[in-house]
Amino acid sequence: MAVKIRLARHGAKKRPYYRVVVADGRMPRDGRYIEQIGSYNPLTNPKSIDIDLEKVDAWVAKGAQPSSTVSHLIDIVRSGAAAPEKKRKLSKKAAAKAQAAAEEAAAAAEDAAQDAE
């Protein structure tokens, strides 16, 4: 029996919430699991990661294999740092609007400087 430590998705559509579970590798993603050892909520700011490291170490000692995502989450919890934020790319419209606002602010600052002289 190949035991995996992986994420099980819960929550509503477009509002994911994950449980970190120990499950048989043959079970479906959200199916039956052996034990829940943590949770992960990517929607909170900062992202909330709650994993019981003692249980993780015990299961890894028994031969359980963490998925790549779970191993990354475990590394974040072990380091004690907050989860890194992804850089969000602006859409073309939003980038153009921000550039126009920046140019307008620069022009207003230049006019204010000339009036002060």
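Presented here is an overview of the structure given in this document. Note that residues are indexed from 1 along each chain, following the sequence as it is written. Under the rules for a predicted model, residues below a pLDDT of 70 receive no local features and side-chain atom pairs below 80 are neither given nor counted, while totals for whole chains, interfaces and linings still include all residues. Each side-chain value is worked out from all heavy atoms of the structure, with water and hydrogens disregarded.

**Quick notes on the environment of Q36**
When you line up the elements, Q36 lands in strand β3 (residues 35-41). Only heavy atoms matter for contacts: two residues are in contact if any of them lie within 4.5 Å across the pair. Those residues in contact with Q36, other than ones at most four positions away along the chain, are R19, V20, V21 and K55. Within the local environment of Q36, its side chain forms a polar contact with the backbone oxygen of G38, the two atoms lying 3.4 Å apart. Segments assigned H or I by DSSP are reported as helices when at least four residues long, segments assigned E as strands when at least two residues long, and all are numbered from the N terminus. Polar contact criterion, stated in full: a pair of N or O atoms within 3.5 Å, where within protein one must be able to donate a hydrogen and the other to accept it, and residues adjacent in sequence count only if both atoms are side-chain atoms.

**Side note on the packing of helix α1 (residues 53-61) against helix α2 (residues 68-79)**
Convention adopted: a line fitted to C-alpha atoms gives each axis, helices being fitted over their contacting stretch, and angles between N-to-C directions are expressed from 0 to 180 degrees. One can describe the packing of α1 onto α2 by two numbers: an axis separation of 11 Å at closest approach and a directional angle of 130°. Judged on the interaxial angle alone, α2 and α1 are oblique. Relative to α2, the crossing made by α1 is left-handed. Each of L53, V56 and D57 in α1 lies in contact with α2, whose residues at this interface are I74, V77 and R78. Broken down by class, the residue content of the contact of α1 with α2 amounts to 4 nonpolar, no polar and 2 charged. For classification purposes, an angle smaller than 35 degrees is called roughly parallel, one larger than 145 roughly antiparallel, one from 65 to 115 roughly perpendicular, and anything else oblique. A clockwise turn of the near helix away from the far one marks a right-handed crossing, whereas an anticlockwise turn of less than a right angle marks a left-handed crossing. For this classification, the nonpolar set comprises Ala, Val, Leu, Ile, Met, Phe, Trp, Tyr, Cys and Pro, the charged set comprises Asp, Glu, Lys and Arg, and every other residue, Gly included, is treated as polar.

**Considerations on the nonpolar core**
The term nonpolar core refers to a set of buried residues drawn from Ala, Val, Leu, Ile, Met, Phe, Trp, Tyr and Cys, joined through side-chain atoms within 4.5 Å. For each residue, the accessible area found with a 1.4 Å probe, counting protein chains only, is set against the maximum for its type, and the residue is called buried under 20%, exposed over 50%, and partly exposed in between. Counting residues in hydrophobic clusters, the biggest one holds 15 residues, and the most contacted among them are I5, V20, I37 and W59. Listed by contribution, the elements that provide at least two residues to this core are β1 (3-12), β2 (15-24), β3, α1 and α2. In this structure, I5 is in contact with V20, V21, V22, I37, V56, W59, V60, A64, Q65, P66, S67 and V70, ignoring residues within four places of it in sequence.

**A short note on the pattern of salt bridges**
The term salt bridge refers to a side-chain nitrogen of Lys or Arg lying within 4 Å of a carboxyl oxygen of Asp or Glu. Under the criterion given, the structure shown has 4 salt bridges. One salt bridge connects D30 with R29, and the closest N-O pair in it is separated by 2.9 Å. On the basis of relative accessible area, D30 is assigned to the partly exposed category, the value being 37%. In this structure, the salt-bridge partner of D57 is R78, at a minimum N-O distance of 2.6 Å. Residue D57 is found in helix α1, and its partner R78 is found in helix α2; the two are separated by 21 residues along the sequence.

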